[in-house]
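# Coordinates in review
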Amino acid sequence: MFEQKEPESMKLKFIEDNLNFAKLKGSEFFEQSADEQKPNSLWICCSDSRVSPELITQSDIGEIFVLRNVANQFRLKDLGSLSALEYAVNKLNVRHIFVCGHYGCGGVNHIIDPVYYADSNKEYTPRTHIDKWLSNFIDDVYVPNRPEFSKIFDDILKDYKDSTVDERRDMYIQKKKDLLLELNVKKQVSNISKTDVVKNAWKDGIEIVIHGLMYDLKTGKLKDLDCDHDINYLKRPW
Ligand SMILES: [Zn+2]
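Please read all numbers here as calculations on a predicted model, not as lab measurements. (Residues numbered from 1 in each chain as written. Predicted model: local features only at pLDDT ≥ 70, side-chain atom pairs only at ≥ 80, totals over all residues.)

All right, on to the overall build of the protein chain then. Across its full length, the protein chain carries 11 helices and 5 strands. Taken over the C-alpha atoms alone, the protein chain extends approximately 65 × 55 × 35 Å along its principal axes. Burial analysis of the protein chain (238 residues in total) assigns 23% to the buried set. Counting contacts in the protein chain only where the partners sit at least 6 residues apart, residues at least 24 apart contribute 69% of the total. (Helix = DSSP H or I, 4+ residues; strand = E, 2+ residues; numbered from the N terminus. Buried ≥ 20, exposed ≤ 12 C-beta atoms within 10 Å, placed from the backbone. Contact = placed C-beta atoms within 7 Å.)

Here we take up the nonpolar core. Core analysis: the largest hydrophobic core is formed by 37 residues, its most contacted members being Leu 42, Trp 43, Ile 44, Ile 97, Val 99, Cys 100 and Ile 192. Counting only elements with at least two residues in this core, the list comes to β1 (41-46), β2 (64-69), α4 (79-91), β3 (96-102), α8 (137-142), α10 (165-193) and β4 (209-216). For Leu 42, the contacting residues outside a window of four places in its chain are Phe 65, Leu 67, Ala 84, Leu 85, Ala 88, Val 94 and Ile 97. (Core = buried A, V, L, I, M, F, W, Y, C linked by C-beta atoms within 7 Å.)

Once that is clear, we can look at the environment of Ser 190. Mapped onto the secondary structure, Ser 190 falls in helix α10. Put simply, Ser 190 and Cys 227 are 37 residues apart on the chain and 9.0 Å apart in space, counted from C-alpha to C-alpha.

Here it is, written out as structure tokens:
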């Protein structure tokens, strides 16, 4: 666990660690990488300190172009996200885009209460910045997938007949949270495929693939959500 330090010693620690890092990599590495970047992919990840795409994939500097925010969102009206995508695809020729969510995401846990409001038909008023950042989650992710949550509930009732009511309730809450997190990733994958950047690239025959992954904080492993969107997305009949 990282120890919180006084501001000055914190700064010194980072500067010292950075010097060690620069020495370890060697000056030749930086002279080459300073010329240009050729990342193999764009990753959209949560700001969570435990989900660093470079570290969890053992990638080096220059290999991954990264966009991070609370709960790995890609908003169609967010200029920060659109700019990162545009730069990655049009300037850096990135052909693989990964949306990487993670189980136990504090951002999505934060909106579990608003989700309760969505179930109870009470009026919900976003108050904090995170509330506002994730306020579209209810309409975009939760409401369209309500039948999925009922299915979880039915499966638990069927498969865990001998468990207590409390145990089944806890199981339901956990599975519902995990599913919400996965659906959140799938929604962002879908959002990216709707951007002018990706659609224009596909129209030009450029084979960009958008992938959805989940990172498990408890095992350090990635899970493929099998929700890739590729150039064939343009040919859908709907
Ligand atoms: Zn998170």
